[in-house]
Amino acid sequence: MKVLERLLERRIRKKVKIDEMQFGFMPGRGMTDALFIVRQLQEKYMEKRKKLFLRFVDLDKAFDRVPHKVLTWALRKLGGEESLIRVVMAMYKRARTAVRTKDGNSGEFEVKVGVHHGSVLSPLLFVAVMEVLAQNVKEGLPWELYADDLVLIAESMDGLKEKMNKWKECMETKGLKVNVGKTKVMASGEVERTGKWPCAVCRKGVEVNSIQCTMCAEWVHQKFSGLRGSLTSVVAPFKCKVCTEGAADGGNVELDLGDGVKLEGVKTFCYLGDMLNGEGGSDSATVAGRRCAWKKFREQSGVLMRGVSLKLKGKVMTEMETFPGWLQAQGLTPETAQALVMELGIENVKVLRACTESDALRAELLSCAQQKLSVAMHVEFHQFMESRVKPGVVQSASSSSTHILCSMLEHAGDDLAGCAEKLRLLKSSFACSGVTNYAQSQDTRSVWDQDS
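Criteria and cut-off values
Residues numbered from 1 in each chain as written. Predicted model: local features only at pLDDT ≥ 70, side-chain atom pairs only at ≥ 80, totals over all residues. Heavy atoms only, no water. Buried < 20%, exposed > 50% of the residue type's maximum accessible area, 1.4 Å probe, protein only. Helix = DSSP H or I, 4+ residues; strand = E, 2+ residues; numbered from the N terminus. Pairing = 2+ DSSP bridges. Axes fitted to C-alpha atoms, helices over the stretch in contact; angles between N-to-C directions. Parallel < 35°, antiparallel > 145°, perpendicular 65-115°, else oblique. Left-handed = near helix turned anticlockwise from the far one by under 90°. Contact = heavy atoms within 4.5 Å. Nonpolar A, V, L, I, M, F, W, Y, C, P; charged D, E, K, R; others polar. Core = buried A, V, L, I, M, F, W, Y, C linked by side-chain atoms within 4.5 Å. 1 Å grid on protein atoms, 1.4 Å probe; cavity = no way out; pocket = protein on both sides within 12 Å on 5 of 7 lines; lining within 4 Å. Points joined across faces, edges and corners; volume = space filled by probe spheres on them. Phe/Tyr/Trp six-rings, centres within 6.5 Å; stacked < 30°, edge-to-face > 60°. Salt bridge = Lys/Arg side-chain N within 4 Å of Asp/Glu carboxyl O. Polar contact = N/O pair within 3.5 Å; in protein donor to acceptor, adjacent residues only side chain to side chain. Patch = residues over 30% accessible without salt bridge, like charges linked within 9 Å, V, L, I, M, F, W, Y side chains within 5 Å. Areas by Shrake-Rupley, 256 points an atom, 1.4 Å probe, with all protein chains shown as cover.

Engineer: Quick rundown of the pairing of strand 13 (residues 268-271)? Include the residues and the values.
Structural biologist: Side chains of strand 13 alternate between two faces, with F269 and Y271 buried and T268 and C270 left unburied. Two elements, strand 13 and strand 14 (residues 274-277), share four bridges in a ladder whose sense is antiparallel. Directly across from F269, in strand 14, lies its bridge partner L276. Following strand 13, the chain reverses through two residues before pairing antiparallel with strand 14; L272 in that reversal takes a positive phi of roughly 55 degrees.

Engineer: Outline the packing of helix 4 (residues 68-77) against helix 5 (residues 82-92), listing residues and values.
Structural biologist: Helix 5 packs onto helix 4 with a crossing angle of 165 degrees between their chain directions and a minimal axis gap of 10 Å. When the axes of helix 4 and helix 5 are compared, the pair comes out roughly antiparallel. Once helix 4 is placed against helix 5, the crossing between them reads as right-handed. Every residue of helix 5 that contacts helix 4 at H68, L71, T72, L75 and R76 is listed here: E82, I85, M89 and Y92. Class assignment for the residues of the contact of helix 4 with helix 5 results in five nonpolar, two polar and two charged.

Engineer: A description of the environment of F56 should follow, citing residues and the corresponding values.
Structural biologist: Tracing the chain through its elements places F56 in strand 1 (residues 52-58). On a C-alpha basis, the gap between F56 and F269 in space is 8.5 Å, while along the polypeptide they are 213 residues apart. Dropping the residues within four chain positions of it, F56 is found in contact with L150, V151, K182, T183, K184, M186, F269, Y271 and L276.

Engineer: With reference to specific residues and values, describe the nonpolar core.
Structural biologist: Within soluble globular proteins, side chains that are nonpolar generally end up buried alongside one another. In terms of nonpolar packing, the biggest core is built from 67 residues, with W167, M171 and Y271 touching the most fellow members. Of the residues forming this core, the biggest block, 10 residues, is contributed by helix 6 (residues 122-135). When residues no more than four places from it in sequence are discounted, the contact partners of Y271 are A34, L35, F56, E144, D149, V151 and L276. A337, V341, L365 and L366 belong to the second largest nonpolar core, which has 19 residues in total.

Engineer: Account for the layout of surface pockets, with residues named and values stated.
Structural biologist: A volume near 370 Å³ is recorded for the second largest pocket. Every residue lining the second largest pocket is counted, 13 residues in all, and those nearest its centre are K2, G118, S119, V120 and E343. With three residues, the top contributor of residues to the lining of the second largest pocket is helix 1 (residues 2-15). Residues that form the lining of the second largest pocket fall into these classes: four nonpolar, four polar and five charged.

Engineer: How would you explain empty space enclosed by the protein if you had to name every residue and give the values?
Structural biologist: The tally for this structure, following the rule as stated, stands at one cavity of 30 Å³ or more. Reported here for the largest cavity is a volume of approximately 40 Å³. Within the residue set of the lining of the largest cavity, elements represented by two or more residues are helix 1 and helix 5. Here the residues of the lining of the largest cavity sort into four nonpolar, one polar and two charged.

Engineer: Report on the packing of aromatic side chains, specifying residues and quantitative values.
Structural biologist: Overall, the coordinates contain four aromatic pairs when judged by the stated rule. Ring centres of F56 and Y271 lie 5.6 Å apart, and the angle between their planes is 45 degrees; on these two criteria the pair is classed as tilted. Taken together, the residues span a long stretch of sequence, with F56 in strand 1 and Y271 in strand 13 at a distance of 215 residues. Note on F63 and F126: the rings are 4.2 Å apart at their centroids and 25 degrees apart in plane angle, and the pair reads as stacked.

Engineer: Can you lay out the environment of Q42 for me, pointing to particular residues and giving the numbers?
Structural biologist: Along the chain, Q42 turns up in helix 2 (residues 31-47). Along the backbone, Q42 and G281 are 239 residues apart, and their C-alpha atoms lie at a distance of 8.2 Å. The contact partners of Q42, leaving out residues within four places of it in the chain, are L52, M186, S188, N277, G278 and G280.

Engineer: Give me the pattern of salt bridges: which residues, what numbers.
Structural biologist: Working definition: two side chains of opposite charge can pair if their charged atoms are close together. For the structure on display, the rule yields 10 salt bridges. D60 is the partner of R65 in a salt bridge, and the nearest nitrogen-oxygen pair spans 3.7 Å.

Engineer: Can you explain the side chain of T183? Please cite residues and give values.
Structural biologist: Mapped onto the secondary structure, T183 falls in the loop between helix 7 (157-172) and strand 8 (184-188). Owing to a relative accessible area of 0%, T183 belongs among the buried residues under this scheme. Among the polar contacts listed, one links the side chain of T183 to the backbone nitrogen of D58, at a separation of 3.3 Å. Once you skip the residues sitting within four places of it in the chain, T183 turns out to touch R55, F56, V57, D58, V178, L263 and E264.

Engineer: Tell me what's going on with a nonpolar patch on the surface, and back it up with residues and numbers.
Structural biologist: Together, M1, L4 and V87 make up an exposed nonpolar region whose accessible area comes to about 290 Å². Within the fold, V87 resides in helix 5. Residue classification places V87 among the partly exposed residues on the basis of a relative accessible area of 35%.

Geometry only, nothing functional implied.
Printed below as a string of C-alpha cells:
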C-alpha cells in the first residue's frame with residue numbers, strides 16, 4: 001500500500017501547483033525559510049519605523065477534521081487527473097474504525113472526515129486543501145503556511161481583523177475550525193528610545209511642554225496628548241494613546257473579532273520551534289535555546305557527576321539518550337533499530353517495556369512487526385525478543401554498557417574453558433606416554449600452537 005501511495009503522491013505533485021508561501025511538506029522549503037521571511041519583514045518595517053501586526057492561527061485538530069468530500073473538491077480545483085482522484089478516494093471509501101477502551105473495542109462505524117494517519121499521501125492532501133482555501137483570501141502582505149500553522153501579517157489592527165475574519169469564515173465553510181484560545185496576536189515595530197525621558201508614543205525624548213501618563217508613568221509630547229495650551233495646568237488624570245488604544249511596540253495587544261471573541265496579544269511567540277518577539281532579531285530565540293539546553297543538562301545532573309571525565313560523561317549521555325544506540329548494543333543491526341523506532345513507534349525503553357507486559361501484548365507486537373518489517377528484520381527482532389526480552393522485563397537503557405561488559409566476560413569465560421580442556425587433554429596424553437618420547441611431545445606442542 002505504501003508503494004502505491006508513493007507512486008500516487010509523485011504523480012499528483014507533478015499535476016497540482018502549490019503556492020510558494022506554503023512551506024510544509026514541500027520539497028526545497030522548510031521551517032528555516034518561513035522564519036527567515038517573518039524576521040526579514042520585521043527588520044524592514046523597523047528600519048522604516050513602521051508598525052507590523054502578526055497573527056498566529058491555530059487550527060483545532062486540522063488533519064482530523066477535513067471532510068473526504070473536500071479532498072475531492074480540492075484536488076479537482078488544482079487540476080488533478082480524474083483517474084488519480086478516483087484511486088485516492090477509493091482508499092477513503094467505506095473507511096471504518098472502532099474505539100478501544102478498557103472494557104474492549106466498540107462497534108465499528110464509518111469515518112467520513114480526516115486524512116489517514118501514517119499515510120504517505122496525507123500531508124499532500126491536506127496541503128492541497130489549504131492551498132485551495134487560501135486562493136480566495138490571500139492578498140496584501142505575505143501570508144505564511146506551514147501545513148496547518150498559519151501566519152497573517154498586516155500593517156494595522158483593522159487590516160489584521162479583516163484578514164482574520166475572511167480566513168476564519170473560509171475555513172469554517174469547509175469543516176475546519178480555528179482554535180481561538182491558542183490563536184495569538186503580536187505587534188512588532190518598536191522604535192529605539194532616545195533621550196532621558198522618551199515619549200510613550202514616538203519614543204523620542206520629551207521637552208518641557210509634556211505630560212505624564214497616570215497609567216504607564218511614561219511622558220508624552222503635547223502633539224500626541226490631544227490637549228491644547230500649556231500642560232502644566234492639567235489636573236485631571238491623563239491616559240496616553242498607548243494605554244487607551246493598545247501598544248504598537250510589541251506590547252500585549254488584543255484583537256476583538258466581535259461577538260465577544262477576543263484574541264490574546266503576546267510579546268513573544270514560539271513559531272515552528274523558534275521564538276519570535278515584537279522587537280525583532282533573534283535574541284529571544286537564543287535565550288530560549290540556552291534555557292532548553294540547561295534544562296536538559298540539569299535533568300541529567302545525576303549522570304554528570306563530579307570526578308568523572310568528560311569523555312565518559314559523553315558516552316553515558318549517548319547511551320542514555322539514543323534508544324537506537326541502545327538497541328544496537330543489545331545486538332540489533334542499525335537498520336533494524338531504526339525500523340523499530342520509525343515503523344513500530346517504539347521510541348524508548350518504557351514503550352518497549354509496556355509492549356512486553358503480557359504474552360498477548362508481546363504476540364501483538366510480533367504480529368505488527370511481521371506486517372511492517374522485512375523478513376530479515378522480523379527474524380532478527382523475533383530472536384531479540386526471544387533471547388533478551390522476557391515478558392514484562394526489559395533492561396534499562398543505562399545498563400547497556402554493563403550488558404556489553406557481561407558479554408565480553410562471557411566470551412572470555414568460554415575461551416578460558418576451552419584452554420582448560422586442551423590442557424587437560426595434553427596432561428592426560430603426557431601421563432599415558434610418560435613424556436619419554438621427545439618427538440611426540442614436540443608434535444603435541446605444535447598441535448597446541450596451531451589450536452591456540
